[in-house]
Amino acid sequence: MTLGRKSMEIPLNARNSQFSLQDLLDALKDTEEGERPVEQWHPENCGEMDMVIKADGSWWHEGTRVTRQPLVKLFASILRKDEDGKTYLVTPVEKIEIKVERAHFMAVRVDIEGEGKDQRIFFTTNLGDVAEAGPDNPIRVETDAETMEPSPFVTVRGRLEAALARPVFYELVDQAVTHMTDQGEQLGIWAAGEFFPLGPVGAHKV
């Protein structure tokens, strides 16, 4: 993958970060294109980079938005969230912590096939990745205790999640059914044979 200086709207050499974008590109130059085996890479923690994934899914480096989609996709391919709850950019030789405001991706589209327990649900992220919801990629909804405002997410890979855009969540709600769970009757959606609640018990009756 070739990304010269002229193809990016931000400098390769960081001013405020311990690491630069060029450091990452150099570390990845011998890796394969596409999804990289970050779960198999175990370098030491090298510190932090001034990189933030904003709540809207955009990437920012030292206060400047990264607008080159190929560059964002490259960095997204080496994202990993570890058991410590922190998110890192991982290469074969570096492990660099970055900040995530809400989720790693945004789910901007949903496709629903079939119905009932055999129903299949596919989410497309803002970077074009597709994740099928199910036991390995669960849907979860956090609900504000005071406002009852839902914050829905779906796992994309590993511990990485996508926040569901509002129209996407509304599509799920339109297809939702009630089901008696261990907690009581809940409104939710079936995906790959598993039922995922879209809110707390009784929320659909309010």
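Before any of the text, the structure's been laid out above.
Numbering of residues starts from 1 in each chain and follows the order in which that chain's sequence is written. It should be noted that, the model being predicted, local features are given only for residues of pLDDT at least 70 and side-chain atom pairs only at 80 or more, the latter also being counted only at that level, while totals for whole chains, interfaces and linings use all residues. Heavy atoms throughout the structure, all of them, feed into the side-chain values; hydrogens and water do not.

Peer 1: Summarise the nonpolar core; cite the residues concerned and give the values.
Peer 2: Buried residues of nine kinds, namely Ala, Val, Leu, Ile, Met, Phe, Trp, Tyr and Cys, make up a nonpolar core once their side-chain atoms join them within 4.5 Å. Each residue gets one of three labels from its accessible area relative to the maximum for its type: buried under 20%, exposed over 50%, partly exposed in between, using a 1.4 Å probe on protein chains only. Among the nonpolar cores identified, the biggest contains 51 residues, and Trp59, Leu89, Phe123, Ile139 and Leu172 are the most heavily contacted of them. Per element, the largest residue contribution to this core is five residues, and it comes from helix H2 (residues 69-76). When checking whether two residues touch, look at their non-hydrogen atoms; a contact exists if any pair is within 4.5 Å. The contacts of Trp59, once residues within four sequence positions are left out, are Met51, Val52, Ile53, Thr64, Arg65, Val66, Val72, Phe75, Ala76, Leu79, Leu89 and Ile98. Under the DSSP-based scheme used, a helix requires at least four consecutive residues in state H or I and a strand at least two consecutive residues in state E, with every element numbered from the N terminus.

Peer 1: Summarise helix H3 (residues 166-174); cite the residues concerned and give the values.
Peer 2: Along H3, the positions that sit buried rather than exposed are Val168, Phe169 and Leu172. An end-on view of H3 places all buried positions within 95° of arc, on one side of the element. Of the residues in H3, the exposed ones pointing more than 90 degrees away from the buried face are Arg166, Pro167 and Asp174. Tucked inside the fold, the buried residues of H3 contact strand E7 (105-113), strand E8 (120-125), strand E10 (139-143), strand E11 (150-157), strand E12 (160-164) and strand E14 (184-191). Throughout, the arc means the angular range of directions from the helix axis out to the C-beta atoms.

Peer 1: Outline the packing of aromatic side chains, supporting the account with residue identities and numerical values.
Peer 2: A pair of aromatic rings is counted whenever rings of Phe, Tyr or Trp (Trp by its six-membered ring) have centres within 6.5 Å, and the orientation is called stacked for planes under 30 degrees apart, edge-to-face for over 60 and tilted otherwise. The full count for this structure, using the stated rule, is two aromatic pairs. Just above the ring of Trp60 sits the side chain of Lys54; from NZ or CZ to the centre is 5.6 Å. Two thresholds decide whether a charge sits over a ring: the Lys NZ or Arg CZ must be within 6 Å of the ring centre and within 35 degrees of the ring normal. The ring of Tyr88 has Lys95 sitting right over it, with the charged end atom 4.5 Å from the ring centre.

Peer 1: So, unusual backbone geometry: which residues are in play, and what are the values?
Peer 2: Trans peptide bonds make up most of the peptide bonds, and negative phi angles are found at most residues other than glycine. Phi at Glu62 is positive, roughly 50°, even though this residue is not glycine. Topologically, Glu62 is positioned in the loop between strand E2 (59-61) and strand E3 (64-65). Unlike most non-glycine residues, Ala192 shows phi in positive territory, near 55°. Position of Ala192 relative to the elements: it lies in the loop between E14 and strand E15 (194-197). For Ala192, a relative accessible area of 38% translates into the label partly exposed.

Peer 1: Account for the sheet that holds strand E4 (residues 79-81), naming residues and giving values.
Peer 2: Only strands joined by at least two bridges in the DSSP assignment are considered to pair. Read across the open sheet, the six strands follow the order E3-E2-E1-E6-E5-E4; overall the sheet is mixed. Two strands in the sheet have a free side with no partner beyond their single neighbour: E3 and E4. As paired strands, E4 and strand E5 (residues 87-90) are joined by three bridges and run antiparallel to one another. Following the sheet pairing, Arg80 is matched in E5 by Tyr88. An axis is simply a line fitted to the C-alpha atoms; with a helix, the fit covers only the stretch in contact. Between two such axes, the angle follows the N-to-C directions and lies from 0 to 180 degrees. Against the sheet, H2 engages strand E1 (45-53), E2, E4 and E5, with an angle of about 95° to E2.

Peer 1: Give me the environment of Asp129: which residues, what numbers.
Peer 2: Locating Asp129 in the fold gives a position in the loop between E8 and strand E9 (130-132). Taking the C-alpha atoms as reference points, Asp129 and Ala107, separated by 22 residues in sequence, lie 9.2 Å from one another. Apart from residues no more than four positions distant in its own chain, Asp129 is found in contact with Phe123, Thr124 and Arg157.

Peer 1: So what's going on with the pattern of salt bridges? Residues and values would help.
Peer 2: A pair is scored as a salt bridge if a Lys or Arg side-chain nitrogen falls within 4 Å of a carboxyl oxygen belonging to Asp or Glu. Under the counting rule described, the total for this entry stands at 10 salt bridges. Residue Lys99 is joined to Glu48 by a salt bridge in which the shortest nitrogen-to-oxygen separation is 3.8 Å. Separated by 51 residues along the polypeptide, Lys99 in strand E6 (residues 95-100) and Glu48 in strand E1 bring together distant segments of the chain. Among the salt bridges present, the one from Asp82 reaches Lys95, with a minimum N-O distance of 2.8 Å.

Peer 1: Quick one: what's the story with the side chain of Ser77, residue by residue and with numbers?
Peer 2: Relative to the elements of secondary structure, Ser77 occurs in the loop between H2 and E4. Any pair of nitrogen or oxygen atoms within 3.5 Å is treated as a polar contact; in protein, a donor-acceptor pairing is required on top of that, and neighbouring residues in sequence qualify only through side-chain atoms on both sides. Within the local environment of Ser77, its side chain forms a polar contact with the backbone oxygen of Leu74, the two atoms lying 2.6 Å apart.

Peer 1: So, the sheet that holds strand E13 (residues 177-181): which residues are in play, and what are the values?
Peer 2: With antiparallel pairing, the three strands of this open sheet are ordered in space as E13-E14-E15. The open sheet is flanked by E13 and E15, the only strands paired with a single partner. In this sheet, neighbouring strand axes are inclined to one another by 60° on average, regardless of whether the strands run parallel or antiparallel. Of the pairings in the sheet, the one linking E14 to E15 comprises four bridges and is antiparallel in character. Within E15, the position partnered with Ala191 by the bridge is Glu194.

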